[in-house]
Amino acid sequence: MRGGHDMDAARDELRGAGVAAEADLRDDLTGEVRQETMIINMGPQHPSTHGVLRLLLELDGETVVRCKPIIGYLHTGIEKNTEYRTWMQGVTFVTRADYLSPFFNELGYCLAVERLLGIEAPERAQVIRVLVCELNRIASHLVYLATGGMELGAVSVMLYGFREREIVLDIFEAITGLRMNHAYIRIGGVIMDLPDDGPRMIRDMLEVLPGRIDEYETLLSKNPIWLERNVGVGHLTAAQCLALGVTGPPLRSAGVTADLRKDQPYSGYETYDFEVPVRTDADAYARYVIRLQEMRQSLRIVEQALERLDHVGGPVMVDDPKVAWPAKLSVGPDGIGNDEAYLAHIMEQSMEALIHHFKMVTQGVEVPPGEVYQGVESPRGELGYYVVSEGEHRPHRVKIRDPSFVNLQAIPTMVEGSLVADAIAAIASLDPVMGGVDR
Amino acid sequence: MRSDEIAAHARRFFPDTFSARDEATVIVERERLLDALAWLRDEPELQMGFLSSLTSTDHPGSDPRFWVAYELRSMPLRHRIRVKVGLREDDPHVPSVTPLFPTANWFEREVFDLFGVVFDGHPDLTRILMPEDWEGHPLRRDEELGGVNTRYRGAFIPPVDTRGMA
Amino acid sequence: MPVERLDGVHLGTTPEEIEEEVERGVLLTSLDRAVGWARKQSMWPATFGLACCAIEMMSAGAGKYDLSRWGMELFRGSPRQADLMIVAGRVSQKMAPVLRRIYDQMPEPKWVISMGVCASAGGMFTNYAIVQGVDTIVPVDVYVPGCPPKPEMLMHGILTLHEKVRTSETFR
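Everything numeric in this text was worked out from a predicted model, so none of it was measured.

Caption draft 1: Expanded view of the overall build of chain A. Assigned secondary structure in chain A consists of 19 helices and ten strands. What you see for chain A is a C-alpha radius of gyration of 25 Å, in line with the 22 Å of a compact globule of 439 residues. When its C-alpha atoms are laid out on the principal axes, chain A stretches across 95 × 45 × 40 Å. The buried share of chain A, taken over its 439 residues, is 52%. Excluding contacts between residues fewer than 6 apart, the proportion of contacts in chain A whose partners are at least 24 apart in sequence is 69%.

Here it is, written out as structure tokens:
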């Protein structure tokens, strides 16, 4: 089936065969009424598809006979835009690809560029990176719970999920100045250290959140309606997952222990004590259980990172003047802005500092030629960055290997043969984010 | 295995193999591409059975102009390798790897859509991200960035791709 | 007889005409006020969340920044039952015809809030793929800047639209 034209083609066919179709509704030999399949378009504007996803469904009654997902409704040209900006500005573009896990986008890109540069971020920066990434994982899984529940009809889960997410977003706002799309993790480290009341806010969150996750368990895990709609739905075996390139919770729900934080650790993950939940049922309910348990493991990592921050001091940006962002920043009333003392220094005191600041901000870092692929474990699976440099002040090519883009290929395999309502539950269990799919 | 060991192992069959920045890269001609991928998957020391990513880079003015890069990953052995194929500007055809890796389906459609590289043998090579009737291949380096010229308080700010770097 | 003017409305010459015109003016003003008040009290948005701004829009509808204070927590799935379209997110070239079709399917009276800089002017994505401002496709009533705007900023935009609707002159 081809793109947008087959809807009109199908309609034309039916219209052309109009009168005749009425007459041969009955089979010649047996006299039974023949049943045609119906082609229905779901999306791109639909309350239950996860964003702007379009599904062409061929339905036989309520059963899906064939399914074709059509994407591209959110294509933003992020990859092309990064080729016309400096390396540091690339962070602000890349963070908006998968908008529910912005820190992971930034981390993957910055790790790739740091490997090209041959530098490593200081230890305190790495601990902060792990801290904010795991907080982001919790926030992303909360959105999965909220929207997944809402799509299945459990509207109160949506309100609870977003209530918990507000706690995490308050922490993000205190640290980075923004609730989403932060541009906080930069090449060489992070742009500024945690604020003074940051650790206290995170500790308060660590008191509250485990109880709330227990509430979700009580609400959903043994709920007969939740079980009825999720158990056995969206089945994908391990072989199918690996052939289709599916990673993340759907792959781990099929019994394959594959988590980049353990397999190919980055940013110090090998020094943290956490588990990777794995199930064997390979259905939507198993993925729900895995995500709940991942939230708990993320809280463990956050606690360890917070403890580590107490005794790991030092800079949060690498010391190299050719790489480090020159300004000293502070969180102001409208986000992160320049620190007053630093502005006084470059404007009034030192000409060299002003020139250096100007060059670093407008031209940025110069990256030696080469190519690198860096994978990180985002809440949806393997998020990969293939970065190619030609030795200039701007990237030659930044390719984002987004997990949702690949996971969506598994939709026809999961959905064909099941009911329409199961199709919605199956797609919700994949947790796709269309910003990453279309970039 | 470390990347230099992987490169040494692969170099016995594919002489154009190197290791840089902890990554092994194999460069093959497109005639040997499917054999190379199958060999990397079946070789017991490498077991590269998972295709992570498939993309293309454009170097206009160079020969070959397009490089198609396949990122392979081994789940059991936890290592990676990259396979690259160079394509000339007047002949951007490469065999599709969907028989070996079904996950390549949408990757190859995206590369066709954005770069114009044709994958022979692909089941449904149509545009995936741009509208069906879009003309051109946006991510090629000689296609312009597009968008609208901006005016602000009497000044004219030219589009991004025509602005020089300071 | 001097011509009386009340709110720029030509009243006529005889006292009876003036009285009739004043009554009609007062009636229609009251009707305007009543209708404007009713329209703004329960404006139902259509779901048109596209990207990051959609998440902030959902946060605005959730518990902390409660949109149901103004009767707007009920996002209608069908545009035929909605009177407000909040374009939340970046509109790509492929999505533009869909946006126009959804807008056309909404019955009058309808309003559009363009949420975020991507919907208002293309945002940071000045490129081939993004429509540089949805006001090239649909008429916009309120633009809310931000990337993404905080839910409080969206609420300010909604309240601005409410003021605009409440004081709009439909019948005069």
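Moving on from the model shown.
Caption draft 2: Focus on the overall build of chain C. When its secondary structure is counted, chain C shows five helices and six strands. The order of helices and strands in chain C, counted from the N terminus, is β-β-α-β-α-β-α-β-α-β-α. Since a compact globule built from 172 residues should have a radius of gyration of about 16 Å, the 20 Å found for chain C marks it as more spread out than a globular shape. On the principal axes, the C-alpha backbone points of chain C span a range of 65 × 35 × 25 Å. Of all 172 residues assigned to chain C, the portion counted as buried reaches 41%. Across chain C, contacts joining residues at least 24 apart in sequence account for 72% of those joining residues at least 6 apart.

Caption draft 3: How the structure looks around the nonpolar core. Grouped together as the largest cluster of nonpolar side chains are 212 residues, with contacts concentrated most on A:Val113, C:Met85, C:Val87, C:Ala88, C:Ile113 and C:Met115. If sequence neighbours within four positions are ignored, C:Val87 has contacts with C:Phe48, C:Leu99, C:Val112, C:Ser114, C:Met115, C:Ala119 and C:Val134.

Caption draft 4: Examining the pairing of strand S10 (residues 397-401) of chain A more closely. Along S10(A), five of the five residues are buried, which leaves the element largely enclosed by surrounding structure. The two faces of S10(A) match: A:Arg397, A:Lys399 and A:Arg401 on one face and A:Val398 and A:Ile400 on the other face are all buried.

Caption draft 5: Main features of the interface of chain A and chain C. Contacts between chain A and chain C engage 25 residues on the former and 28 residues on the latter. Elements with a contribution of two residues or more to the side of chain A that touches chain C: helix H3 (78-82) and helix H7 (155-176) of chain A. The element best represented in the side of chain A that touches chain C is H7(A), accounting for five residues. Tallied by class, residues from the side of chain A that touches chain C come to eleven nonpolar, nine polar and five charged.

Caption draft 6: Geometry of the packing of H7(A) against helix H8 (residues 198-221) of chain A. All names here are of chain A. Contact geometry for H7 and H8: axes closest at 11 Å, N-to-C directions at 165°. Between H7 and H8, the interaxial angle falls into the category roughly antiparallel. Pair H7 / H8 crosses with left-handed handedness. Seen from H7, the contacting residues are Val157, Glu164, Ile167, Val168, Asp170, Ile171, Ala174 and Ile175; seen from H8, they are Gly198, Met201, Ile202, Met205, Val208, Leu209, Arg212, Leu219 and Leu220.

Caption draft 7: Representation of the sheet that holds strand S3 (residues 63-70) of chain A. All names here are of chain A. Spatial ordering of the open sheet is given by S1-S2-S3, a layout of three strands whose pairing is antiparallel. Since the sheet does not close on itself, it has two edges, and those belong to strand S1 (38-42) and S3, each with one partner. Ignoring which end each strand starts from, the neighbouring axes of this sheet average 20° apart. As judged from the seven bridges shared by strand S2 (residues 54-60) and S3, these two strands associate in the antiparallel manner. Paired with Leu57 across the strands is Cys67, a residue of S3.

Caption draft 8: Structural view of the packing of helix H14 (residues 340-349) of chain A against helix H15 (residues 351-362) of chain A. Residues and elements named next belong to chain A. Here H14 crosses H15 at 115°, and the two axes come no closer than 6 Å. Between H14 and H15, the interaxial angle falls into the category roughly perpendicular. In this structure, H14 crosses over H15, and the sense of that crossing is left-handed. Within the contact between the two elements, H14 uses His345, Ile346 and Met347 and H15 uses Ala353, Leu354 and His357. Of the residues in the contact of H14 with H15, the class split is four nonpolar, two polar and no charged.

Caption draft 9: Expanded view of the domain arrangement of chain C. One can read the domain layout of chain C as domain 1 (5-41) and domain 2 (45-151). Once you take the C-alpha centre of each, domain 1 of chain C and domain 2 of chain C turn out to be 35 Å apart.

Caption draft 10: Fine view of helix H1 (residues 3-11) of chain B. All names here are of chain B. When we look at burial in H1, the residues that qualify are Ile6, Ala7 and Ala10. Take H1 and look down its axis: the buried residues cluster within an arc of 100°, on one side only. Along its buried surface, H1 packs onto strand S1 (17-20), strand S2 (23-28) and strand S5 (79-87).

Caption draft 11: Broad picture of the pairing of S1(B). Residue and element names in this part refer to chain B. Of the pairings in the sheet, the one linking S1 to S2 comprises four bridges and is antiparallel in character. Bridge assignment links Ser19 to a residue of S2, and that residue is Ala24. Hairpin connection, S1 to S2: the antiparallel pair is bridged by two residues, and Arg21 has positive phi, about 55°.

Caption draft 12: Representation of helix H3 (residues 104-115) of chain B in the model. Its twelve residues place the ends of H3(B) 16 Å apart at the C-alpha level, agreeing with the 16 Å of an ideal helix rising 1.5 Å per residue. Regarding H3(B), the residues found buried are B:Ala104, B:Asn105, B:Trp106, B:Phe107, B:Glu108, B:Arg109, B:Glu110, B:Val111, B:Phe112, B:Asp113, B:Leu114 and B:Phe115. Where H3(B) is buried, its residues touch helix H16 (403-407) of chain A together with strand S3 (50-58), strand S4 (66-74) and strand S7 (118-120) of chain B. Following H3(B) by one or two positions, B:Gly116 adopts a phi angle in the positive range, close to 90°.

Caption draft 13: Highlighting the confidence of the model for chain C. Residue and element names in this part refer to chain C. Summing up the model confidence of chain C, the mean pLDDT is 83 and the portion of residues at 70 or higher is 91%. For chain C, the element scoring lowest by mean pLDDT is strand S1 (residues 5-6), at 50; strand S6 (residues 142-144) scores highest, at 93. Interface predicted TM-score (ipTM) for the complex: 0.90; the corresponding pTM is 0.87.

Caption draft 14: Representation of the sheet that holds S6(C) in the model. Residue and element names in this part refer to chain C. Here we have four strands laid out as an open sheet, ordered S3-S4-S5-S6, and parallel in their pairing. At either end of the open sheet lies a strand with only one pairing partner, and these are strand S3 (45-46) and S6. Here five bridges tie strand S4 (residues 84-88) to strand S5 (residues 111-115), and the two strands are oriented parallel to one another. Each residue of the ladder has a partner; that of Ala88, found in S5, is Met115. Across the face of the sheet, helix H2 (residues 52-61) comes into contact with S4 and S5 while running at roughly 130° to S4.

Caption draft 15: Representation of the environment of A:Gly314 within the structure. Residues and elements named next belong to chain A. Structurally, Gly314 is set in the loop between helix H13 (284-311) and strand S6 (329-332). Taking the C-beta count within 10 Å as the criterion, Gly314 has 10 such neighbours and is therefore assigned exposed. Sequence spacing of Gly314 and Ile128 is 186 residues, and the spatial spacing of their C-alpha atoms is 12 Å. Setting aside residues no more than four positions away along its own chain, Gly314 makes contact with Pro122, Glu123 and Arg124.

Each value, and the rule that gives it
- Residues numbered from 1 in each chain as written.
- Chains lettered and ligands numbered in written order.
- Predicted model: local features only at pLDDT ≥ 70, side-chain atom pairs only at ≥ 80, totals over all residues.
- Helix = DSSP H or I, 4+ residues; strand = E, 2+ residues; numbered from the N terminus.
- Rg over C-alpha atoms; globule rule 2.2 N^0.38 Å.
- Buried ≥ 20, exposed ≤ 12 C-beta atoms within 10 Å, placed from the backbone.
- Contact = placed C-beta atoms within 7 Å.
- Core = buried A, V, L, I, M, F, W, Y, C linked by C-beta atoms within 7 Å.
- Nonpolar A, V, L, I, M, F, W, Y, C, P; charged D, E, K, R; others polar.
- Axes fitted to C-alpha atoms, helices over the stretch in contact; angles between N-to-C directions.
- Parallel < 35°, antiparallel > 145°, perpendicular 65-115°, else oblique.
- Left-handed = near helix turned anticlockwise from the far one by under 90°.
- Pairing = 2+ DSSP bridges.
- Domains from an automatic or database assignment.
- Arc of directions from axis to C-beta.
- Expected span 1.5 Å × (residues − 1).
- pLDDT = per-residue confidence, 0-100.

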